[in-house]
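# Residue-level structural notes
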Amino acid sequence: MRSVAGAGVVVTGGGSGIGAALARRFAAEGARVVVNDLNGAAAARVAEACGATHAPGDAASEEGVAALVAAATEALGEVDMFCANAGVAREADSEDDWEASWQVNVMAHVRAARLLLPRWLERGSGHLICTVSAAGLLTMLGSAPYSATKHAALSFAEWLAASYAHRGLTVQALCPMGVRTPMLDGISPAGEIILGETAITAEEVADAVITGIAGGGFLILPHPDVARMYAGRAADTDRWLQGMNKLQVRVEAAG
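A short tour of the structure in this document, coming up. (Residues numbered from 1 in each chain as written. Predicted model: local features only at pLDDT ≥ 70, side-chain atom pairs only at ≥ 80, totals over all residues. Heavy atoms only, no water.)

### A short note on the overall build of the chain
Within the chain one finds 10 helices and seven strands. A compact globule built from 255 residues should have a C-alpha radius of gyration of about 18 Å, and the chain, at 18 Å, falls within 12% of that. Principal axes of the C-alpha set define a box for the chain whose edges measure 55 × 40 × 35 Å. Contacts spanning at least 24 positions in sequence make up 67% of the contacts within the chain whose residues lie at least 6 apart. Once the 18 positive and 27 negative side-chain charges of the chain are each reduced to a mean point, those two points are 6 Å apart. (Helix = DSSP H or I, 4+ residues; strand = E, 2+ residues; numbered from the N terminus. Rg over C-alpha atoms; globule rule 2.2 N^0.38 Å. Contact = heavy atoms within 4.5 Å. Lys, Arg positive; Asp, Glu negative; His and termini not counted. Charge placed at Lys NZ, Arg CZ, Asp CG, Glu CD.)

Given below as structure tokens:
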């Protein structure tokens with residue numbers, strides 16, 4: 001799919017931030033959009049503003065994903081593109097934080113793909129966009145659950161692309177760094193030091209997604225520097241880790 005015009009698109013986490021910007025932009029590009037969010041009122045507001053359909057609910061649980069796919073199929077006829085955008089950024093290290101991060105950042109993608117793949121493979125086309133974040137390519141100092149689960153989300157997206165591209169499945173990983181959303185507003189001072197200077201708007205991310213869809217590449221990188229960092233991490237991992245540790249020292253010195 002090189003354009004979303006006329007496509008049936010689902011956006012999870014669409015009540016605010018990147019998800020809301022994607023829903024608005026897809027609708028403006030001529031897509032038929034279903035906006036999902038755990039916050040039903042927020043999903044309804046975004047949907048009403050851009051002429052979309054809202055489908056509130058949990059996009060991570062097995063039951064919630066099944067209900068969403070059923071509602072979206074009824075509203076759209078066919079789900080052509082699914083944007084697994086909902087995510088959580090937990091900085092604590094409790095069992096609950098790890099579990100929530102795993103369910104929302106990873107299993108939501110797995111469960112959506114499990115339900116959508118049979119139909120997509122049957123018809124020979126389907127498009128999954130996973131909001132992974134640059135943390136999936138690099139890391140996120142200060143949040144082990146976020147870093148580890150975003151790496152897992154990237155790995156799952158890569159596996160899908162490697163396994164099913166020849167059968168018409170397009171998979172893309174959206175990997176922004178800092179984005180001025182409620183999620184960024186709620187992070188720690190350490191996170192602001194790491195991400196704040198280069199943060200962009202959610203609308204700029206949506207622009208990058210439209211460009212990325214047209215280009216068809218696996219990685220969608222709204223921050224071009226991420227490609228250089230990712231290459232450096234792979235080429236000289238020890239040097240990259242030393243650089244990240246220096247940044248951690250800077251964060252700790254800043255309190």
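### Focus on the nonpolar core
Val10, Val79, Phe82 and Leu160 are the most contacted members of the largest nonpolar core, which totals 42 residues. Elements represented by at least two residues in this core include exactly helix H3 (62-76), strand E4 (81-84), helix H4 (95-123), strand E5 (126-131), helix H5 (144-164), strand E6 (169-174) and helix H10 (237-253). With nine residues, the single largest contributor to this core is H4. Among all residues touching Leu160, those that are not within four sequence positions of it are Ala113, Leu117, Leu128, Ala165, Leu169 and Val171. The next biggest cluster of nonpolar side chains, apart from the first, holds 32 residues, and it includes Ala20, Val46, Met81 and Ala202. (Core = buried A, V, L, I, M, F, W, Y, C linked by side-chain atoms within 4.5 Å. Buried < 20%, exposed > 50% of the residue type's maximum accessible area, 1.4 Å probe, protein only.)

### Remarks on the side chain of Asp80
Along the chain, Asp80 falls in the loop between H3 and E4. The exposure class assigned to Asp80 is buried, which follows from its relative accessible area of 14%. A distance of 2.7 Å separates a polar atom in the side chain of Asp80 from the backbone nitrogen of Gly8. If near-sequence neighbours (up to four positions away) are discounted, Asp80 is found in contact with Met1, Ala7, Gly8, Arg32, Trp120, Arg123, Gly126 and His127. (Polar contact = N/O pair within 3.5 Å; in protein donor to acceptor, adjacent residues only side chain to side chain.)

### Side note on the environment of Glu204
You can see Glu204 is positioned in helix H8 (residues 202-215). Residues Glu204 and Val35 lie 169 residues apart in sequence; the distance between their C-alpha atoms is 19 Å.

### Considering the pairing of strand E1 (residues 8-11)
On a regular strand, each side chain points to the face opposite its neighbour's, so the side chains alternate between the two faces of the sheet. Taking every second residue as pointing to the same face, both faces of E1 are buried, with Gly8 and Val10 on one and Val9 and Val11 on the other. The sheet contact formed by E1 and strand E2 (residues 32-35) spans four bridges and is parallel. Residue pairing across strands places Gly8 opposite Arg32, the latter belonging to E2. Following the chain from E1 across helix H1 (residues 17-28) to the adjacent parallel E2, one finds a crossover that is right-handed. Of the strand pairs in this sheet, E1 and E4 are connected by three bridges, and their pairing is parallel. Looking across to E4, one finds that Val9 is bridged to Met81. (Pairing = 2+ DSSP bridges. Right-handed = clockwise from strand over helix to strand, strands pointing away.)

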